[in-house]
Each structure stands twice: as structure tokens, then as C-alpha cells.
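Chain by chain, the residues:
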Amino acid sequence: MARKIIIDTDPGQDDAVAILLALASPEIEVLALTAVAGNVPLHHTERNARVICELAGRPDLPVYAGCDAPLARPLVTAEHVHGKTGLDGVTLPEPGIALSPGHAVDFLIETLRREQPGTITLVPIGPLTNIATAFQRAPDIVPRVQEIVLMGGAYFEVGNVTPTAEFNIYVDPEAARIVFASGAPITVMPLDVTHRALTSRPWVEGMRAMGRIGQAVASWTDFFERYDREKYGSEGAPLHDPCTIAWLLKPQLFSGRYINVEIETRGEYTLGMTVADWWRVSGRDPNATFIREVDAEGFFALLTERIGDLDRRVG
Ligand code: RIB
Ligand code: CA
């Protein structure tokens, strides 16, 4: 049985690669994409989600627009990283696919209430506004969630948008606090692991040698890489969001610990920090599997295999 997932996303070049990896993999059934404001405003993220579905030959996949602002603070975006459209690096045609009617939060609630408990995995790879809003409006759906596998947070790698906070958590820390306190099973892909999933020139050129899907991935990662190269002096783009899908496909590629993770929502200098009790000194109950290591070679081999499969199928 394929694992049923809903990807909550703010595309975002790395979101795009995560979505393509999921759509390329028969072990996963993507029920829908739910768009959230994050890297760029909602009208861009929902359009980008539809562009990605069209590129992947999936005009049938529902795309819902969700929350256009965080729960309790103004939206912070990241055009300086992802470009004005959020998918800079490749010019793709306006999507012919229409946005699905209805709000993403209503879709999340209705789907979790309809499907068998424990059969739906949520994969948030942007700010957690949609997920938290659904949990607040319908607390009954929380125990029905099979697992939340999210990209967000950092501990040893500290922050990327402030010295202490990672972008997805920082944009909506109140939403993150709700999700981490919900009691749903959570697996976290923080910067600690995603900064180990750095693209290499040979890998990108391998993508460019494929069909139009591999070529799009190559151009998106080239665009995305320039920011980290300027900031960290590192070669390679960190493929943050695809780590969530790779976990679902090959968890053996990753390792981490089941620990307590709290979200700072009041700190003057630490707003949005994921306070990960890696050494278990707080006495607080564990609430998340916090991933720190990845077999990068295995990760990129999986991406090459699956993007290649998708390209051969629809490229
Ligand atoms: O900090 C990295 C995260 O922020 C990724 O999800 C990226 O797409 C951006 O949303
Ligand atoms: Ca993202």
C-alpha cells in the first residue's frame, strides 16, 4: 500500500524538488498540495505548486490555497533566496491547471476526518500556518494523523534567517508551537541534516543531461545555490525539503534522536528558535524525532534514480 501524504508547501525551488521526488515514487500517494505563504506570498506559492504539478505531468493533482499570513505576525518572505516568483531559475508556462476550490485548511480537516485514522501523513515544508490552523479549528483531527514529517528548525547548525532561527519556524513560531505541542508523531528535518544534503557539480550536471524535468531541477538548484555560496562560501545548494520525502522512502539514510523540542515565541533575540534538548537535560518529555545525519551519497542516488524515472515517464 502506498503511503498517503499531503504536502504543505511554499515553493520554493527546494520544495519543487521535494514534490517531484514524491510524485516520482510509487511508494507514495500524494493526495494534494496545500499552499502556504512563506518563501513568497501565497499567490505565488499556489501558482508555483500548480506549475510543478504540470511539469510532473500531474494535472489531476489537487492544489489548494491556504493561509496568506502567519497566525500572529506579519509575513516574512525570502525573495532574496528564491527570486521574485519563488521559482526563479527556470521560466515555465503559466499553469493550465486551475486551483482547487476551497481553503487548504478545510481540505486538511475534511480529509483527516474522512480517511481512516493513522493513514494520512502530513509533510509540511514551509511555515506551519495551515497545519496549526487546522489543528486549532478541529482538534479532533490530531490523533488521526499518522505522522508529521516536516522541514524546519535547527540546533547545532543554529539559524539561517536569524542567528538562532530557521526560516519555516521563524515565519510563524506560534504555529510551530501549536504543532510541536499537539501530540502528533513528528519527525523533524532541521538544518543540521539538510546542510549535509548539498548538491555537487557532477550531480547537477547529471540532472541537466536528463529531460525537461531534470533540466528544471538543475536550473533551480543552480539559482538556489548562489545564495548559500555567497553566504556560507559553500559549494552546493542544500536540498532542505526533499529530505522529508527521502525519509519516507528510505529512512535508513537518516539518523537522529527522539527528544524534546520546544519553540521560542517570546525571545528578543531567539524568536523562532527550536530548542532541541539533544542531551536530554531539560527533563521535558520527548515530542519529536530530530534528525541530524544523512547518507548524502545515498540521498542523491535516490534523487537521481527517481527524477530520472519521472523524466522518462513524462519528460
Ligand atoms: O529554511 C529552509 C526552508 O525555508 C525550506 O523549506 C525552504 O523552502 C524555505 O521555505
Ligand atoms: Ca519550503
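Residues numbered from 1 in each chain as written. Chains lettered and ligands numbered in written order. Predicted model: local features only at pLDDT ≥ 70, side-chain atom pairs only at ≥ 80, totals over all residues. Heavy atoms only, no water.

Looking up the protein in an unreviewed UniProt entry gives the name Nucleoside hydrolase, with the organism given as Paracoccus simplex.

**Notes on the site of ligand 1**
Worth spelling out the cut-off: The nearness test applies per residue and asks whether one of its heavy atoms lies within 4 Å of the molecule or strand. Here a polar contact is recorded for every N or O atom pair within 3.5 Å, except that within protein the pair must consist of a potential hydrogen donor and a potential acceptor, and residues adjacent in sequence are included only if both atoms are side-chain atoms. Working definition: helices are DSSP H or I runs of at least four residues, strands are E runs of at least two. Numbering for both runs from the N terminus. All amino acids are sorted into three groups, where Ala, Val, Leu, Ile, Met, Phe, Trp, Tyr, Cys and Pro are nonpolar, Asp, Glu, Lys and Arg are charged, and the leftover types, Gly among them, are polar.
As a matter of local geometry, ligand 1 sits amid 13 residues, with Asp 14, Asp 15, Asn 160, Glu 166 and Asp 241 nearest to it. In this structure, Asp 15 approaches ligand 1 through a side-chain N or O atom, which is 2.8 Å from an oxygen atom. Side-chain polar atom of Asn 160 to an oxygen atom of ligand 1: 2.8 Å apart, as the coordinates give it. Elements with a contribution of two residues or more to the shell around ligand 1: helix 1 (13-23) and helix 6 (167-171). Of the residues belonging to the shell around ligand 1, the class tally is three nonpolar, five polar and five charged.

**So, the UniProt feature "domain: Inosine/uridine-preferring nucleoside hydrolase" (unreviewed entry) in the protein**
Counted only if it meets this: UniProt positions are given in the numbering used here, feature names are shortened, and annotations may be inferred rather than shown by experiment.
Per the UniProt entry, the sites bearing "domain: Inosine/uridine-preferring nucleoside hydrolase" (unreviewed entry) are residues 5-300 in this numbering. The span residues 5-300 carries 36% helix and 17% strand; its end-to-end C-alpha distance comes to 22 Å.

**A few points about helix 4 (residues 104-114)**
Condition: Exposure is judged per residue with a 1.4 Å probe applied to protein chains only, and the accessible area is read against the type maximum: over 50% gives exposed, under 20% gives buried, and values in between give partly exposed. It only takes one pair of heavy atoms within 4.5 Å for two residues to be counted as in contact.
Taken residue by residue, helix 4 has Ala 104, Val 105, Phe 107, Leu 108, Ile 109, Thr 111 and Leu 112 as its buried positions. Tucked into the core, helix 4 has its buried residues touching strand 1 (3-9), strand 2 (28-35), strand 3 (63-65), strand 4 (120-124), helix 5 (129-137) and strand 5 (145-151).

**Digging into helix 12 (residues 296-314)**
Note the cut-off: Expected helix span is taken as 1.5 Å per residue step, with the number of steps being one fewer than the number of residues.
Counted at 1.5 Å a residue, the expected span for helix 12 with its 19 residues is 27 Å, and the 27 Å between its end C-alpha atoms agrees. Those residues of helix 12 hidden inside the fold are in contact with helix 1, helix 9 (201-208), helix 10 (212-232), helix 11 (242-249), strand 7 (254-259) and strand 10 (288-294). Residue Asp 295 occupies the N-cap position of helix 12, its side-chain oxygen lying 3.2 Å from the main-chain nitrogen of Glu 297.

**Remarks on the coordination of the calcium ion (ligand 2)**
Heads up, the condition is: Sites may look incomplete, because water is not among the atoms used; the donor set itself consists of N, O and S atoms within 2.8 Å of the metal (3.2 Å for Na, K and Ca).
Bound to the calcium ion (ligand 2) on the protein side are Asp 10 (OD), Asp 15 (OD), Asp 15 (OD), Ile 125 (O) and Asp 241 (OD), at distances that span 2.2 to 2.6 Å. For the calcium ion (ligand 2), the single-chain donor residues occur in sequence as D-x4-D-x109-I-x115-D. With Asp 10 in the loop between strand 1 and helix 1 and Ile 125 in the loop between strand 4 and helix 5, the pair connects residues that are 115 residues apart, well separated along the chain. The two residues Asp 10 and Ile 125 agree in class, both being buried.

**Quick word on the packing of aromatic side chains**
The geometry of an aromatic ring pair is captured by the separation of the ring centres together with the interplanar angle, meaning the angle of the planes. We apply this condition: Planes of paired rings set the category: under 30 degrees apart is stacked, over 60 is edge-to-face and the rest tilted, where pairs are Phe, Tyr or Trp rings (Trp by its six-membered ring) whose centres lie within 6.5 Å. Here, a charge over a ring is recorded when the distance from Lys NZ or Arg CZ to the ring centre is within 6 Å and its angle to the ring normal is within 35 degrees.
For the structure shown, the criterion picks out eight aromatic pairs. When the centroid spacing of 6.0 Å and the interplanar angle of 90 degrees are considered together, the rings of Phe 156 and Trp 278 count as edge-to-face. Here Phe 156, found in the loop between strand 5 and helix 6, pairs with Trp 278, found in the loop between strand 9 (274-276) and strand 10; they are 122 residues apart in sequence, far enough to count as distant. In this structure Trp 278 comes out as buried when scored by relative accessible area, which is 7%. The interplanar angle of 65 degrees and the centroid separation of 5.0 Å between the aromatic rings of Trp 203 and Phe 300 together place this pair among those described as edge-to-face. Of the two residues, Trp 203 sits in helix 9 while Phe 300 sits in helix 12, which places them 97 residues apart along the sequence. Using a relative accessible area of 10% as the deciding quantity, one classes Phe 300 as buried. For Arg 226, the ring lying beneath its charged end belongs to Phe 223, and the centroid distance is 4.0 Å. Across from the ring centre of Phe 156, 3.6 Å away, lies the NZ or CZ of Arg 292, which sits over that ring.

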